[in-house]
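Observations on chain architecture
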Amino acid sequence: MSSTEPFDIIVVGAGVVGCSTAYYLQKNNPTKRILLIDRLPAAGQGNTAMSAAAVRNMFASSTNQLLTDSSIKFIESVQTKMGFDLTFEKCGYLWLMSDKQFNDPSVQMWMQKMKASSIRWTLYDKKQLKKMIPSLNVDFARDEEAQLLHLPEVSYGLFGPDCGVLDPTKLVSFYLQEFSKLSKVKPKFGVEVTGLLLEADPKLDMPGEPFVWQNKRVNGVKTSSGVLRAEMVVLATDAWSNRLLDPIGFDSQTKAKKRQMFVIHASEKKPLMDLLYTKGFSDKGCIPFTILPMAGVYFRPQLQEKGFWIGC
Ligand SMILES: Cc1cc2nc3c(=O)[nH]c(=O)nc-3n(C[C@H](O)[C@H](O)[C@H](O)COP(=O)(O)OP(=O)(O)OC[C@H]3O[C@@H](n4cnc5c(N)ncnc54)[C@H](O)[C@@H]3O)c2cc1C
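In this text, all values refer to a predicted model and were calculated from it rather than measured experimentally.

The rules we used
Residues numbered from 1 in each chain as written. Predicted model: local features only at pLDDT ≥ 70, side-chain atom pairs only at ≥ 80, totals over all residues. Heavy atoms only, no water. Near = heavy atom within 4 Å. Polar contact = N/O pair within 3.5 Å; in protein donor to acceptor, adjacent residues only side chain to side chain. Areas by Shrake-Rupley, 256 points an atom, 1.4 Å probe, with all protein chains shown as cover. Helix = DSSP H or I, 4+ residues; strand = E, 2+ residues; numbered from the N terminus. Nonpolar A, V, L, I, M, F, W, Y, C, P; charged D, E, K, R; others polar. Domains from an automatic or database assignment. Phe/Tyr/Trp six-rings, centres within 6.5 Å; stacked < 30°, edge-to-face > 60°. Lys NZ or Arg CZ within 6 Å of the ring centre and 35° of its normal. Contact = heavy atoms within 4.5 Å. Buried area = accessible area lost by both parts, 1.4 Å probe. Salt bridge = Lys/Arg side-chain N within 4 Å of Asp/Glu carboxyl O. Core = buried A, V, L, I, M, F, W, Y, C linked by side-chain atoms within 4.5 Å. Buried < 20%, exposed > 50% of the residue type's maximum accessible area, 1.4 Å probe, protein only. Pairing = 2+ DSSP bridges. Axes fitted to C-alpha atoms, helices over the stretch in contact; angles between N-to-C directions. Expected span 1.5 Å × (residues − 1). Arc of directions from axis to C-beta.

**A short note on the site of the ligand**
Close to the ligand lie 27 residues, the nearest being D38, N47, T48, A54 and V193. With respect to the ligand, the backbone of A54 contributes an N or O atom lying 3.0 Å from an oxygen atom. Protein contact buries 82% of the 1000 Å² of open area that the ligand shows by itself. For the shell around the ligand, the secondary structure elements donating two or more residues are α1 (16-28) and α2 (47-50). Counting residues per element, the shell around the ligand draws most heavily on α2, which supplies three residues. Of the residues that constitute the shell around the ligand, the class distribution is 15 nonpolar, seven polar and five charged. Built from parts of two domains, the shell around the ligand gets at least three residues from each of domain 1 (7-50 + 169-248) and domain 2 (76-164 + 259-311).

Structure, rendered in structure tokens:
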């Protein structure tokens, strides 16, 4: 099959969004020729590979509740019914909160909305938290490091038992495998899309087209190895989308933002091992994915590596 022939659809970006989009498009349109393309040497090497890959259904918005609750059920069925191990572990989510945070109207509304939609949660007070997680310091009153981090004292822990963590590269492998079973077009890796092929519609075959006053459409992509034509182009390029959209006059308002992830190995360090294998929250016998009471700091249990990922 020639790489320059027109495809029905080109999906740019083979992260979790691109691979799942390509799969569902192919599943629902079996005769369409869909090309999946990424500049990196393999699928799922962009933001997806850097993700903490925590999955939660604890949202206030009913749309998010529906999306995430059904996603969790889907992930479970991939593991149990289809036998594809995503290492999804229902370790739960634990939000540690100060008294002030807990009493904020937005938190109270969030809890009410989850209750109304039967999203399960349990609230623990400080005394219960101390008993359940003896190795976690929830009393920061005179702790110098906590003060440096602006950590307020923990008064409550809101626990969601149906949340969990998985291996994001395995989820990508699953979608890529299922897409490849259905597709007749081999994905292209290591090929950068350098621009979108914007053409006048209809074409007048005048030099300098497309002009500002003409109707235009995207008829494919320009790549590091030539032009690829397609009836439809789907961008699944995440933080890099604006590089392709801005030159055709469309501001997607997306911008890359720096995040950090630290890997901590717990083996042979007893206090960390005790924390990792905290019992009582889930049948996984480990500490839940835990969010500290300050903006954006969390830690994820990583049972396969006997450690934690700390993200911010
Ligand atoms: C540190 C961190 C922690 C996170 N934690 C969580 C979490 O716990 N839970 C959660 O749900 N989400 C989390 N996320 C967010 C999640 O990882 C992303 O939302 C998700 O991976 C986005 O998937 P994607 O396919 O859109 O993007 P990506 O995986 O980045 O895929 C985009 C792909 O497009 C390709 N591409 C871009 N431009 C071009 C081009 N011009 N030509 C060809 N290819 C191109 C890239 O190479 C890349 O492979 C986290 C993200 C980070 C960074």
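Now that the structure has been shown, we can carry on.
**Some points on the packing of aromatic side chains**
Applying the stated criterion across every chain yields a total of 17 aromatic pairs. Geometrically, the ring pair formed by F211 and W213 is stacked, given 5.5 Å between the ring centres and 10 degrees between the ring planes. Connected via pairs of aromatic rings, a cluster forms that spans Y23, Y24, F74, F84, F174 and Y175. The ring of F59 is capped by R56, whose NZ or CZ atom sits 4.0 Å from the centre of that ring. Positioned over the ring face of W309 is R300, at 4.4 Å from the centre of the ring.

**Re the domain arrangement of the chain**
One can read the domain layout of the chain as domain 1 (7-50 + 169-248) and domain 2 (76-164 + 259-311). Taking only C-alpha atoms, the centre of domain 1 and the centre of domain 2 are 38 Å apart. Contacts between the two partners involve seven residues from domain 1 and, on the opposite side, seven residues from domain 2. Summed over both partners, the interface of domain 1 with domain 2 buries about 560 Å², with 76% contributed by carbon and sulfur atoms. Of all residues in domain 1, M50, K170 and F174 bury the most surface against domain 2, accounting for 72% of the area lost on that side. Remark: the boundary between domain 1 and domain 2 carries zero salt bridges. Where domain 1 meets domain 2, there are zero residue pairs in polar contact (both at pLDDT 80 or more).

**Thoughts on the nonpolar core**
Among the nonpolar cores identified, the biggest contains 40 residues, and M58, W95, I133 and L158 are the most heavily contacted of them. Of all the elements, strand β4 (residues 93-97) adds the most residues to this core, at five residues.

**Remarks on the environment of S252**
If you trace the backbone, S252 turns up in the loop between α9 (241-245) and β12 (261-265). Separated by 111 residues in sequence, S252 and A141 place their C-alpha atoms 45 Å apart. Apart from the residues lying within four places of it in its own chain, the contact partners of S252 are S241, N242 and L245. Among the polar contacts listed, one links the side chain of S252 to the side chain of T254, at a separation of 2.7 Å.

**What to know about the sheet that holds strand β9 (residues 193-200)**
Strand order in the open sheet made by the six strands is β8-β2-β1-β11-β10-β9, with mixed pairing throughout. In this open sheet, the two strands that pair with only one neighbour each are β8 (188-189) and β9. Here strand β10 (residues 216-223) pairs with strand β11 (residues 226-235) via four bridges, running antiparallel. By the bridge assignment, T223 is partnered in β11 with G226. Against the sheet, α1 touches β1 (7-12), β2 (34-38) and β11, its axis set at about 175 degrees to β2.

**Here we look at helix α5 (residues 105-116)**
The terminal C-alpha atoms of α5 lie 16 Å apart, and with 12 residues this matches the ideal 16 Å at 1.5 Å per residue to within 8%. Turning to α5, its buried residues number three or more, namely V107, W110, M111 and M114. Projected down its long axis, α5 carries its buried residues within an arc of 95 degrees, all on one side. Summarising the geometry of α5, the exposed residues directed more than 90 degrees from the buried face are P105, Q112 and A116. Residues of α5 that are buried sit in contact with α3 (62-80), β4, α4 (99-102), β5 (122-125) and β6 (156-160). Immediately downstream of α5, the backbone of S118 shows phi near 60 degrees, a positive value.

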